[in-house]
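# Architecture at a glance
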2 protein chains.
Amino acid sequence: MPSPASKDAKPPKPQGLTYAGSGVSIHEGDRFVDLIMRHMRSTHSPRVLANEGGFAGLFRLDFNQQLFKRNFKEPVLIACTDGVGTKIKLAVETDRFEGIGQDLVAMNVNDLVVQGGEPLLFLDYIACGRLVPERLERIVRSIADACRACETALLGGETAEMPDVYGPDDLDLAGFAVGVVELKRATDPTRVEPGDIVLGLASSGVHSNGYSLVRKIIKHAGLDLARAYAELAPPGHAGPPPTLADVLLTPTRLYAPSVVKLARGYKVKKVVTGMAHITGSGLAGNLERALHPDVDALIDESAWTPPPVFPFLQQHGSVDDEEMRNVFNMGVGYCLICRPTFAASIKDRLRKLGEQVFVMGKVVKGKGQVRIKPR
Amino acid sequence: MPSPASKDAKPPKPQGLTYAGSGVSIHEGDRFVDLIMRHMRSTHSPRVLANEGGFAGLFRLDFNQQLFKRNFKEPVLIACTDGVGTKIKLAVETDRFEGIGQDLVAMNVNDLVVQGGEPLLFLDYIACGRLVPERLERIVRSIADACRACETALLGGETAEMPDVYGPDDLDLAGFAVGVVELKRATDPTRVEPGDIVLGLASSGVHSNGYSLVRKIIKHAGLDLARAYAELAPPGHAGPPPTLADVLLTPTRLYAPSVVKLARGYKVKKVVTGMAHITGSGLAGNLERALHPDVDALIDESAWTPPPVFPFLQQHGSVDDEEMRNVFNMGVGYCLICRPTFAASIKDRLRKLGEQVFVMGKVVKGKGQVRIKPR
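Cut-offs used in this document
- Numbering of residues begins from 1 in every chain and follows the order in which that chain's sequence is written.
- The naming scheme follows written order: chains are lettered A onward, ligands numbered 1 onward.
- Totals for whole chains, interfaces and linings use every residue, but because this is a predicted model, local features are given only for residues with pLDDT of at least 70 and side-chain atom pairs only at 80 or more, for both listing and counting.
- In computing side-chain values, all of the structure's heavy atoms are included and hydrogens and water are not.
- Superposition of the copies was done by least squares, using only C-alpha atoms of residues whose pLDDT is at least 70 in both.
- Every residue pair with non-hydrogen atoms within 4.5 Å of one another is taken to be in contact.
- Two parts lose some accessible area (1.4 Å probe) when they are put together, and adding that loss for both gives the buried area.
- Salt bridge, as used here: a side-chain nitrogen of Lys or Arg that lies within 4 Å of a carboxyl oxygen of Asp or Glu.
- Pairs of N or O atoms within 3.5 Å make up the polar contacts considered here, provided that, within protein, one atom can donate a hydrogen while the other can accept it, and that residues adjacent in sequence are counted only when both atoms are side-chain atoms.
- The secondary structure listing takes helices from DSSP runs of H or I that are at least 4 residues long and strands from runs of E that are at least 2 residues long, numbered from the N terminus.
- Any two strands between which DSSP finds at least two bridges are classified as paired.
- Each axis is a line fitted through C-alpha atoms, and for a helix only the stretch in contact is used; angles between axes span 0 to 180 degrees, taken between their N-to-C directions.
- Between buried and exposed lies partly exposed: a residue is buried under 20% and exposed over 50% of the maximum accessible area for its type, with that area taken using a 1.4 Å probe on protein chains only.
- An automatic or database domain assignment is the source of the domain bounds shown.
- One number per residue, pLDDT, summarises how confident the predictor is, and it ranges from 0 to 100.
- Here a Phe, Tyr or Trp ring, Trp counted by its six-membered ring, pairs with any other such ring whose centre lies within 6.5 Å, and the pair is stacked when the planes are under 30 degrees apart, edge-to-face when over 60, and tilted otherwise.
- The labels follow the angle: roughly parallel below 35 degrees, roughly antiparallel above 145, roughly perpendicular from 65 to 115, and oblique for the rest.
- Less than a right angle of anticlockwise turn of the near helix away from the far helix marks a crossing as left-handed, whereas a clockwise turn marks it as right-handed.
- Lys, Arg, Asp and Glu make up the charged group, whereas Ala, Val, Leu, Ile, Met, Phe, Trp, Tyr, Cys and Pro make up the nonpolar group; the residues left over, Gly among them, are polar.

## Quick look at the relation of the copies chain B and chain A
Under the fitted operation, chain B is carried onto chain A by 0.0 Å of movement along the axis and a turn of 180 degrees, and the coordinates agree to an RMSD of 0.0 Å. Considering both components of the superposition, the chain copies are consistent with a two-fold axis. Of the interface residues in chain B, 99% have counterparts in chain A that sit at the interface too, so the contact is made through matching surfaces.

Laid out in structure tokens, this is it:
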């Protein structure tokens, strides 16, 4: 939580140096805290302990209230941190912050649920050159909306105004997520077996990786963020095509709600043997992390069609096929490896939970590699 | 954990745009991960589950191994996040990173223990304009050293190379700490009573707040970071005086080890009724957060002498007394409010744990304010 500043600060004498004079506005910081409180509270269940003005956020792990009864036998905490990379630059450039908070939450909670657990709490770090409360509030609202969608408490955050590190309009975002998994339910890569099926969940677009390359392509090809390019419209799209900014700022899909609900449906059987969130190093680089050294994953790219933004970027940047695969998700943002006899029912459940699911391939004996058959 | 990049990346064809060409070096990222692994592992107890290449870090909350036996009845998770502000600019300017990791850990764990619990795990987010593995390794080593001192696992982190947000040498750091407290042992501001004694623990210097003002004073007064100023030497200091950089980059004191050990010594009695980590808004702004609306804290400034760096900064910046108090810790970095009958023994224990302790004042009936009697 941003530290509440002293309310007793007297106006400093004009001749001496002051903190405010060094570019840090305590007043704007206070106003920002007031603005975001309701967004934070909107994410709080009874598991969050009231701690107004406290130095840290408090969250009950075990709880005996009737509605929320839960006690862990061997609780394992899961924690991870991630940012949104230079996607924030596009948000700043277009003054569109309504989705960037979801990007931040998604980058973290999607990593977290890979381990088999559920996200409990989230904290954000926002650094900026100049603290404009109304602008940052839009980011925090987006963070809170995404946290609610994942039943995750936005427990705190820090906002740092650092005029000499960041340009006046520049920003950076980092997120931290904590979750819990019952030890016996934690994902275990050694359980993956030949014959297991690999399912892919459709991405919502570029998500939050590779934006340094995206921005280089925009510059190189003279693309216009505000322009509606016909080739960006997905097949069957009705109405005017989306602008390039619409497509590139589509928030990263939150897989956590579906993945957590799926796991709740299989309390006894461990039907999912591995999972992967497809981020920085593409499908191969990430799915590999779900394998052990004696199995390979064979992926058939004809199982799905990348959304139009990928061929669009590739063409305008003359980007090599292999480079595209190594940098972008290419249409699949999350993978599940599952026992073959349950693949159909898992696919069905995920569809009912709102996911678009592709049967991408299978596990075979191997060397811990992902082998891709190009489309 | 920084995502391991795909090991199969082929050199891209020269005509197309590439990720590496956009200023992000996957190779340097991989080399950095190799360099920091041993530092991270040096902080891991058996409570950290092996999860090489995993998407998130895993930490056992309850554990039944003989040496570490512990089971929580009503565990409450505590979490907070903070950065080091523009102190990082001084570290970059002087190429001194050996203490800045401790600053980052201290800013977080000191906030965490205020709630009565103990820190369990830490994660870092490092953003930079250019990833120089050897430079960032010095930061991570300092983070790991501080984590070990607090018996806290460095469970993961993220390193973001963002050439368009940060200048080539610029950096930002954010930290994130998670701890646990048994519900019945959590700090509760309503327990503070008139008659309670306020103890202060000496700070190691400016800590990690107010550096935008510090840097403005340096510029304004033409101070030289490399120069040894005689007036910066503490009373009784032997040998040559420290340089301004020595003093300003002294890492923030880690109070967590002493505070946690103190609490372990009073398992049944709740002798400490409130605590405060003195950061951004000074003694009054932070100690106030430990009070409830019916009590005041009366503080007598003659109980301690601020280290030489504070009068030095004040004089060179002609900073108002009140502004100094509102921005800096002025020599006290952490406060404990305790029952009067235990004050002497608590003071004694803290001294034996290596703290310099001041009896700063007491609690009286009031309105939730901190009233300071100037020295």
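On we go from here.
## Quick word on the interface of chain B and chain A
On the chain A side, the residues contacting the 96 residues of chain B number 97 residues. Contact between chain B and chain A buries roughly 7800 Å² in total, counting both sides, with carbon and sulfur atoms accounting for 60%. The largest share of the area that chain B buries against chain A comes from Leu17, Phe55 and Arg289 of chain B, three residues that together contribute 13% of it. Where chain B packs against chain A, one counts 4 salt bridges. Connecting chain B to chain A are 31 residue pairs in polar contact (both at pLDDT 80 or more). With 9 residues, strand β2 (residues 75-83) of chain B is the single largest residue contributor to the side of chain B that touches chain A.

## A look at the sheet that holds strand β9 (residues 332-338) of chain B
All names here are of chain B. Reading across the sheet, the 6 strands line up as β7-β9-β6-β10-β8-β11 and stay open at both edges, with mixed pairing between neighbours. Strands with a single pairing partner mark the edges of an open sheet, and in this sheet they are β7 (272-277) and β11 (370-373). Geometrically, the sheet is characterised by an average inter-axis angle of 25 degrees between neighbouring strands, direction not taken into account. Relative to strand β10 (residues 357-365), strand β6 (residues 197-202) runs antiparallel, the two being bridged by 5 bridges. Note on β10: the bridge partner recorded for valine 198 is glycine 361.

## Observations regarding helix α7 (residues 256-264) of chain A
Those residues of α7 of chain A not exposed but buried are Ala256, Pro257, Ser258, Val259, Val260 and Leu262 of chain A. In this structure, the buried side of α7 of chain A is in contact with α3 (100-113), β3 (118-128), α4 (133-149), β7 (272-277), β9 (332-338) and α11 (343-352) of chain A.

## Points about the sheet that holds strand β1 (residues 57-60) of chain B
Strand order in the open sheet formed by 5 strands is β4(A)-β3(A)-β5(A)-β2(A)-β1(B), and the pairing between neighbours is mixed. Edge strands, defined here as strands with exactly one partner in the open sheet, are β4 (153-161) of chain A together with β1 of chain B. Across this sheet, the average inter-strand angle for adjacent strands is 20 degrees, counted without regard to direction. The pairing of β3 of chain A with strand β5 (residues 171-182) of chain A spans 10 bridges and is classified as antiparallel.

## Concerning the domain arrangement of chain A
Residues and elements named next belong to chain A. Domain parsing of chain A yields domain 1 (21-185) and domain 2 (189-228 + 241-373). Look at where the C-alpha atoms of domain 1 and domain 2 centre, and you get two points 25 Å apart. Counting from both sides, the interface comprises 30 residues of domain 1 and, opposite them, 35 residues of domain 2. Among the residues domain 1 hides against domain 2, the three largest losses belong to Lys87, Leu90 and Arg185. Together they make up 23% of the total. As a salt-bridge pair, arginine 96 and aspartate 246 come within 2.9 Å of each other at their nearest N and O atoms. Taken together, domain 1 and domain 2 are joined by 16 residue pairs in polar contact (both at pLDDT 80 or more). Elements with a contribution of two residues or more to the side of domain 1 that touches domain 2: α2 (87-94), α3, β3 and α4.

## Considerations on the confidence of the model for chain A
Predicted coordinates in areas of low pLDDT are best not read in detail. Residues and elements named next belong to chain A. Confidence in the prediction for chain A averages 92 pLDDT; 94% of positions are at 70 or higher. Overall, residues 1-14 carries pLDDT values under 50, and its contacts beyond four positions in sequence, including any with other chains, amount to 28 contacts. Interface predicted TM-score (ipTM) for the complex: 0.92; the corresponding pTM is 0.93.

## Description of the pattern of salt bridges
Residue and element names in this part refer to chain A. Tallied over the full model, the rule gives 46 salt bridges over all chains. For the salt bridge of lysine 89 with aspartate 170, the shortest nitrogen-to-oxygen distance reads 3.5 Å. Taken together, the residues span a long stretch of sequence, with lysine 89 in helix α2 and aspartate 170 in the loop between β4 and β5 at a distance of 81 residues. With respect to burial, lysine 89 and aspartate 170 carry one shared label: buried. Beyond isolated ion pairs, a larger network of salt bridges with shared partners links Glu301, Glu322, Arg325 and Arg375.

## Details of the packing of aromatic side chains
Applying the stated criterion to the full structure yields 12 aromatic pairs over all chains. Relative to phenylalanine 176 of chain B, the ring of phenylalanine 176 of chain A has its centre 4.4 Å away and its plane inclined at 10 degrees; by these criteria the two rings are stacked. Note that phenylalanine 176 of chain A is positioned in strand β5 and phenylalanine 176 of chain B in strand β5 (residues 171-182), a pairing that runs across two chains. By relative accessible area, which is 0% here, phenylalanine 176 of chain B ends up buried.

## As for the packing of α3 of chain A against α4 of chain A
Residues and elements named next belong to chain A. The interhelical angle for the contact between α3 and α4, taken along N-to-C directions, is 45 degrees, at an axis separation of 7 Å. Between α3 and α4, the angle falls in the class oblique. Seen along the crossing, α3 lies across α4 with a hand that is right-handed. Of the residues in α4, those in contact with Ile100, Gly101, Gln102, Leu104 and Val105 of α3 are Ile139, Ser142, Ile143, Ala146 and Cys147. Split into classes, the residues belonging to the contact of α3 with α4 amount to 7 nonpolar, 3 polar and no charged.

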